[in-house]
Amino acid sequence: MYFTVNEFILFGLTQDPRKQKAVFGVFLMFYLATLLGNFLIVVTIKRSRTLGSPMYFFLFYLSFTDACLSTTIAPRLIVDAISQRKTISYNECMTQVFSAHFFGCMEIFVLILMAFDRYVAICKPLRYTTIMNRHVCSVLVILGWVGSCIHSSAQIFLASRLPFCGPNVIDHYFCDLQPLLKLACMDTYVINLLVVSNSGAICTVSFIILLISYVIILYSLRNYSAEGRRKALSTCTSHFIVVVLFFGPCIFIYTRPATTFPVDKVVAVFYTIGAPLLNPLIYTLRNAEVKNAMKKLWCNKV
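Named according to an unreviewed UniProt entry, the protein chain is Olfactory receptor originating from Canis lupus dingo. Turning to the protein chain, the UniProt record has this under Function (unreviewed entry): "Putative odorant or sperm cell receptor." Checking UniProt for the protein chain, the heading Sequence similarities (unreviewed entry) contains the comment "Belongs to the G-protein coupled receptor 1 family."

## Some words on the nonpolar core
In this structure, Phe58, Leu59, Phe246, Phe247 and Tyr271 are the most contacted members of the largest nonpolar core, which totals 65 residues. Of all the secondary structure elements, the ones that give two or more residues to this core are helix H1 (17-47), helix H2 (54-81), helix H3 (90-123), helix H5 (134-160), helix H7 (189-220), helix H8 (226-254), helix H9 (264-285) and helix H10 (288-301). Top contributing element to this core by residue count: H2, with 14 residues. Filtering out sequence-adjacent residues up to four positions away, Leu59 remains in contact with Ile41, Ile45, Met114, Tyr283 and Val290. Membership of the second largest hydrophobic core comes to 21 residues, among which are Val5, Cys93, Phe164 and Ile170.

## Quick look at a nonpolar patch on the surface
A contiguous nonpolar surface patch, about 450 Å² in accessible area, is contributed by Phe252, Phe261, Val263, Val266 and Phe270. The topology assignment puts Phe261 in the loop between H8 and H9.

## Here's the deal with the state of the cysteines
With the rule as written, the count across this model stands at two disulfides. One disulfide in the model links Cys93 with Cys175; its S-S distance is 2.1 Å. Taking the torsion about the S-S bond as the criterion, the Cys93 to Cys175 disulfide, at about -120°, is left-handed. Residue Cys93 is found in helix H3, and its partner Cys175 is found in the loop between strand S3 (169-170) and helix H6 (177-183); the two are separated by 82 residues along the sequence. Residue Cys93 is classed as buried on the basis of its relative accessible area, which comes to 0%. In this model Cys105 remains outside any disulfide bridge; the closest cysteine sulfur is found in Cys203, 8.4 Å from its own. In this structure Cys105 comes out as buried when scored by relative accessible area, which is 3%. Exposure remark for Cys203: the relative accessible area of 5% places this residue in the buried category.

## Describing H5
With 27 residues, H5 should cover 39 Å at 1.5 Å per step; its first-to-last C-alpha distance of 39 Å lies within 8% of that length. Burial in H5 covers these residues: Cys137, Val141, Gly144, Gly147, Ser148, His151, Ser152, Gln155, Leu158, Ala159 and Ser160. Buried-residue contacts for H5 involve H2, H3, H6 and H7. Among the residues of H5, the N-terminal cap falls to Asn133, whose side-chain oxygen and the backbone nitrogen of His135 are separated by 3.1 Å.

## What to know about the packing of aromatic side chains
Under the criterion given, the structure shown has 17 aromatic pairs. On the numbers, 5.3 Å between centres and 70° between planes, the contact of Phe57 with Tyr61 is edge-to-face. Note that Phe57 and Tyr61 are positioned in helix H2 at a spacing of four residues, about one turn of the helix. Look at Phe246 and Phe247: their rings are 5.7 Å apart centre to centre, the planes differ by 85°, and that puts the pair in the edge-to-face class. Per residue, the accessibility class of Phe246 equals that of Phe247, and both read buried.

## A closer look at the packing of H2 against H5
Remark: H2 packs on H5, axes separated minimally by 10 Å, with the N-to-C direction vectors making an angle of 25°. The angle between H2 and H5 places the two elements in the roughly parallel class. Pair H2 / H5 crosses with right-handed handedness. Contacts between H2 and H5 involve Pro54, Phe57, Phe58, Tyr61, Phe64 and Thr65 on the former and, on the latter, Arg134, Cys137, Ser138, Val141 and Trp145. Class assignment for the residues of the contact of H2 with H5 results in eight nonpolar, two polar and one charged.

About the thresholds
Residues numbered from 1 in each chain as written. Predicted model: local features only at pLDDT ≥ 70, side-chain atom pairs only at ≥ 80, totals over all residues. Heavy atoms only, no water. UniProt positions renumbered as here; feature names shortened; annotations may be inferred. Core = buried A, V, L, I, M, F, W, Y, C linked by side-chain atoms within 4.5 Å. Buried < 20%, exposed > 50% of the residue type's maximum accessible area, 1.4 Å probe, protein only. Helix = DSSP H or I, 4+ residues; strand = E, 2+ residues; numbered from the N terminus. Contact = heavy atoms within 4.5 Å. Patch = residues over 30% accessible without salt bridge, like charges linked within 9 Å, V, L, I, M, F, W, Y side chains within 5 Å. Areas by Shrake-Rupley, 256 points an atom, 1.4 Å probe, with all protein chains shown as cover. Salt bridge = Lys/Arg side-chain N within 4 Å of Asp/Glu carboxyl O. Disulfide = S-S within 2.5 Å. Expected span 1.5 Å × (residues − 1). Polar contact = N/O pair within 3.5 Å; in protein donor to acceptor, adjacent residues only side chain to side chain. Phe/Tyr/Trp six-rings, centres within 6.5 Å; stacked < 30°, edge-to-face > 60°. Axes fitted to C-alpha atoms, helices over the stretch in contact; angles between N-to-C directions. Parallel < 35°, antiparallel > 145°, perpendicular 65-115°, else oblique. Left-handed = near helix turned anticlockwise from the far one by under 90°. Nonpolar A, V, L, I, M, F, W, Y, C, P; charged D, E, K, R; others polar.

Pasting the structure below:
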């Protein structure tokens, strides 16, 4: 490995001073709301006796992952919006690449586990407690962490192969492989194919698996009563909204050749900032059990 660039300059979302102030204010509020919303869900599920089912076990890890993913990206974006010096060291940049892909991949795995949980609950209700016991759920989450570590390690391995000896301005608000490939002093065709086969394949295959699972679930609901269908559809609709918000932008970014567009930064906001912010709202506003548990726990605390 060799490189002459020791630090990078993050271009950010905009260079307009007025817009930078707006970016600072808006995304600071978004970040604080993300931390608050996910913190409330994590603590509520941990402390509530009524939220002990596998669905809430996985929701706990989804909220934890959302908070970590947002913390990986948002603070740098917020600080750079009001900073004159928008530099990030090479090591910090590589750390951000690893962390963003680690928690992003973990979110994908958790969403798949949540869909699998709903599939078992609706399609195999008599065997649900046997299949989705706490030991199985814990093992599945551990496998998710291991898979995420393997994925992000592969990303770091590819990034570390890139020599940087020229321009060091990253046209983005965080370090990622796509904008870094543009700065590399080498032919990046093969590495880009590896990125697409890694990140792109994970996003696309996972999205297809989730779509198939929801089709099977919807087909199975024909045997349920009207009330049963309404409750199942309410839960599955929440999951599906989260899936589309997260996977749509990810597939757009990671499944194409080594080209970047001005809209990439705006699209990336949806899965790095938007999804972690909206997930708590989607799961609480559409879930009576979570809302009731929150009222009971936090009203008693107050």
